[in-house]
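Residue-level structural notes
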Amino acid sequence: MTERELSNAMTAHGDTVYRLALCRLQNTADAEDVYQDVFLRLFSQSEKSWDSEHLKAWLIRATINRCADIGRFRLRRTVLSLEDIPEMARPVDERATELWEAVARLPEKLQVVVHLHYGEGYETREIGDLLRIPPATVRTRLRRARIQLKQLLGGFEDDELPEIDTGYPYARRAE
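Residues numbered from 1 in each chain as written. Predicted model: local features only at pLDDT ≥ 70, side-chain atom pairs only at ≥ 80, totals over all residues. Heavy atoms only, no water.

**Describing the nonpolar core**
As a rule of thumb, nonpolar side chains are buried together in soluble globular proteins. Heads up, the rule is: What we call a nonpolar core is a set of buried Ala, Val, Leu, Ile, Met, Phe, Trp, Tyr and Cys residues that are connected through their side-chain atoms within 4.5 Å. Accessibility here uses a 1.4 Å probe with only protein chains present; expressed as a share of the type maximum, an area under 20% marks a residue as buried, one over 50% as exposed, and anything in between as partly exposed. A run of H or I in DSSP counts as a helix once it spans at least four residues, and a run of E counts as a strand once it spans at least two, with each numbered from the N terminus. Between two residues, a contact is recorded if the distance between any of their heavy atoms is within 4.5 Å.
In terms of nonpolar packing, the biggest core is built from 23 residues, with I60, L106, V114, L116, I127 and L131 touching the most fellow members. Where this core is concerned, the elements lending two or more residues are α3 (52–74), α4 (94–104), α5 (108–119), α6 (124–131) and α7 (135–152). Excluding anything up to four places from it in sequence, V114 contacts W100, V103, L106, G119, L142 and A145. By size, the runner-up hydrophobic cluster in this structure holds 18 residues, among which are A9, L22, A31 and W58.

Below you can see the structure in the form of structure tokens.
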């Protein structure tokens, strides 16, 4: 891969890689490391002529795999929470923060589909293509995630849902 192709890939898909890593790891330093590692791996790939969609799928898969590697490493080291360092925490909508913290407590399979659907704006068919699973499986995982989130957050009856901005605390995918 040439430097120009790498630069184009970073411009086109860098935000997605970073946001996915940040969602999975909940740590900006680790997310930045994943971003760097994924694009270094891409740069070291042999000459391949990938179209944009194949490249995006490869980057998302590589990001998920690298996050899993870091997650396994975290089991062997202590991690300092942002709550322990109040000056580093940035102010955001507390209800949205609570929601995304609950998402972080979901199993990995559910976290990924929630992030890609609600955080990045992908449709279930697109998520299925990226993760190499049927769209029906994506919909099932989203439904299970919503059920678990309802339990984690105390749940509301469907007609009693409060009007809150549940916006993702990071930028959404460019249309």
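Having seen the model, we can carry on.
**Things to note about a positive patch on the surface**
Let me state the cut-off plainly: Patch membership requires more than 30% relative accessible area and the absence of a salt bridge. Residues of like charge join within 9 Å; the nonpolar side chains Val, Leu, Ile, Met, Phe, Trp and Tyr join within 5 Å. Accessible surface is estimated by sampling points in the Shrake-Rupley manner with a 1.4 Å probe; for residues, cover comes only from the protein chains shown. In what follows, salt bridge is the name for a side-chain nitrogen of Lys or Arg lying within 4 Å of a carboxyl oxygen of Asp or Glu. For the charge count, each Lys or Arg is scored as positive and each Asp or Glu as negative, with His and the chain ends excluded. Think of each charge as sitting on NZ of Lys, CZ of Arg, CG of Asp or CD of Glu.
A grouping of K109, R143, R144 and R146 is seen on the molecular surface, where their side chains present a positively charged patch. At three residues, α7 tops the list of elements feeding residues into the positive patch. Tracing the backbone through its elements, the reader meets R146 in helix α7.

**Section: unusual backbone geometry**
As a rule of thumb, non-glycine residues mostly have phi less than zero, and peptide bonds are mostly trans rather than cis. The phi angle at Q26 is positive, at roughly 60 degrees, despite the residue not being glycine. Positionally, Q26 belongs in the loop between α1 (3–25) and α2 (28–44). Even without being glycine, R132 reaches a positive phi, approximately 60 degrees. With respect to the helices and strands, R132 occurs in the loop between α6 and α7. Exposure remark for R132: the relative accessible area of 68% places this residue in the exposed category.

**Some words on the environment of F43**
Along the chain, F43 turns up in helix α2. For F43, the residues in contact, after removing those within four places along its chain, are M1, T2, E3 and L6.

Purely geometric numbers; function is a separate question.
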